[in-house]
Amino acid sequence: MTAHLQAMDGADQLHGTTVLDSLPYYDNDLEQYPILREKVEKELAQEPKPPQGLHPRVPPPYELFKNNPMLAAELARVEAHQPLPPLDTIRYQLPAPTATPGTDDEWQAALRNAHAQLEHQRIRHTNLALLQSYGANAWRIHNYRLEEAAKQAEKALEELKEKTVELNRERKNTQTGYGAQLTALETRWTELLSNILQVEMANVALDAEVSRIRKREAELENM
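Remember, it's a predicted structure, so these values are computed and weren't measured experimentally.

Draft legend 1. Here's a closer look at the overall build of the protein. Scanning the protein from N- to C-terminus turns up 4 helices and 4 strands. Against the globule reference of 17 Å for 223 residues, the protein gives a C-alpha radius of gyration of 42 Å, more extended than a compact globule. Overall size of the protein, expressed as C-alpha extent along the three principal axes, is 155 × 45 × 35 Å. Looking at the 223 residues of the protein, the share that counts as buried comes to 6%. A sequence separation of at least 24 residues applies to 43% of the contacts in the protein between residues at least 6 apart. As displayed, the protein offers around 20300 Å² of accessible surface, 60% of which is attributable to carbon and sulfur atoms. Within the protein, one finds 25 positive and 34 negative side-chain charges whose respective centroids are separated by 4 Å.

As C-alpha cells, then:
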C-alpha cells in the first residue's frame, strides 16, 4: 500500500488543484516487507536526476549594499573570514616636515593635519559628553526594544510550533481514518476475490459434473 495517495477534502485545495498526500502514519509496508525497500531504491535510482539549477519561481539572490561599496567590501571581507585591517595610526600623529628646515608646502600640510587632529579631538570630547549625558537612557531604550522584539519572535515561534503540532495531529487523525477505510476496503476486496474464486471453482466442478452426466446419459442411450 506504499503507492496509496490520499486525496484531501474539497476545502483542502490549493489554487484549484487537489492536494495529494502520502500516508506515512498508516503505510508500513517497507517495515513489514524489507524487499519492498530494495525495489523502491532501485526504482528511485532509475529516476532522472533533479535539475541542478533553482526553480524558475525562486527569485534571484538579493545583492546587499548595492549602492554602498564600503559596506559591500566589508561584507565580502567577513564572508571570506579575513581579519580586520590594522588601524591607521598616522592620522593620530603630528609629523613634522622630514626635510630641514622644510618647505612652505610641507609646513602648510603639517599645519592642516594639526588642525584636523584638534577638530577630531574636539568632536570626540563632544561625543563623550553626549554619551555621558544621554548614553545610559539610550542604551536602556535600545535594550527594551530588543527585549520586546525577542518576546514577539518567541511568541511567533510558539504559535508556529502549536500550529505545526496541531497540523501534524490533524494529519495523523485524518490519515488514520483513511487508513482504516483502506484496510476495510482491502479486506472487503480480498473477501470478494475469494468468493469469486470459490464461485469459479464451483463452476468448474459443475461443468465437470454436467459433462459426466451428459456422458453417462449418452452411454445409457446407446445401450
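Draft legend 2. Expanded view of a negative patch on the surface. Together, E154, E158, E159 and E162 give the surface a local cluster of negative charge. Tracing the backbone shows E154 in helix α4 (residues 104–222). Since its relative accessible area comes to 52%, E154 is described here as exposed.

Draft legend 3. Representation of a nonpolar patch on the surface within the structure. A surface patch of nonpolar side chains, amounting to about 450 Å² of accessible area, comprises Y62, L64, F65 and L71. Structurally, the position occupied by Y62 is in the loop between α2 (34–46) and α3 (69–79).

Draft legend 4. The arrangement of the environment of K163 in detail. Tracing the backbone shows K163 in helix α4. Remark: the alpha-carbon pair of K163 and T190, spanning 27 residues in sequence, is separated by 40 Å.

Draft legend 5. Here's a closer look at unusual backbone geometry. Non-glycine residue F65 carries a positive phi angle of around 55°. Assignment of secondary structure puts F65 in the loop between α2 and α3. One non-glycine residue, H81, lies in the positive phi region at around 55°. Relative to the assigned elements, H81 resides in the loop between α3 and α4. With a relative accessible area of 73%, H81 lands in the exposed category.

Draft legend 6. Just the pattern of salt bridges, in detail. For the structure shown, the criterion picks out 7 salt bridges. The residue E119 makes a salt bridge to R122 at a minimum N-O spacing of 2.5 Å. Of this pair, E119 and R122 both sit in helix α4, 3 residues apart, which is roughly one turn of that helix. Judged by its relative accessible area of 47%, R122 falls in the partly exposed class. Salt-bridge contacts for E166 lead to R169; the nearest nitrogen and oxygen are separated by 2.8 Å.

Reading guide: rules and limits
- Residues numbered from 1 in each chain as written.
- Predicted model: local features only at pLDDT ≥ 70, side-chain atom pairs only at ≥ 80, totals over all residues.
- Heavy atoms only, no water.
- Helix = DSSP H or I, 4+ residues; strand = E, 2+ residues; numbered from the N terminus.
- Rg over C-alpha atoms; globule rule 2.2 N^0.38 Å.
- Buried < 20%, exposed > 50% of the residue type's maximum accessible area, 1.4 Å probe, protein only.
- Contact = heavy atoms within 4.5 Å.
- Areas by Shrake-Rupley, 256 points an atom, 1.4 Å probe, with all protein chains shown as cover.
- Lys, Arg positive; Asp, Glu negative; His and termini not counted.
- Charge placed at Lys NZ, Arg CZ, Asp CG, Glu CD.
- Patch = residues over 30% accessible without salt bridge, like charges linked within 9 Å, V, L, I, M, F, W, Y side chains within 5 Å.
- Salt bridge = Lys/Arg side-chain N within 4 Å of Asp/Glu carboxyl O.

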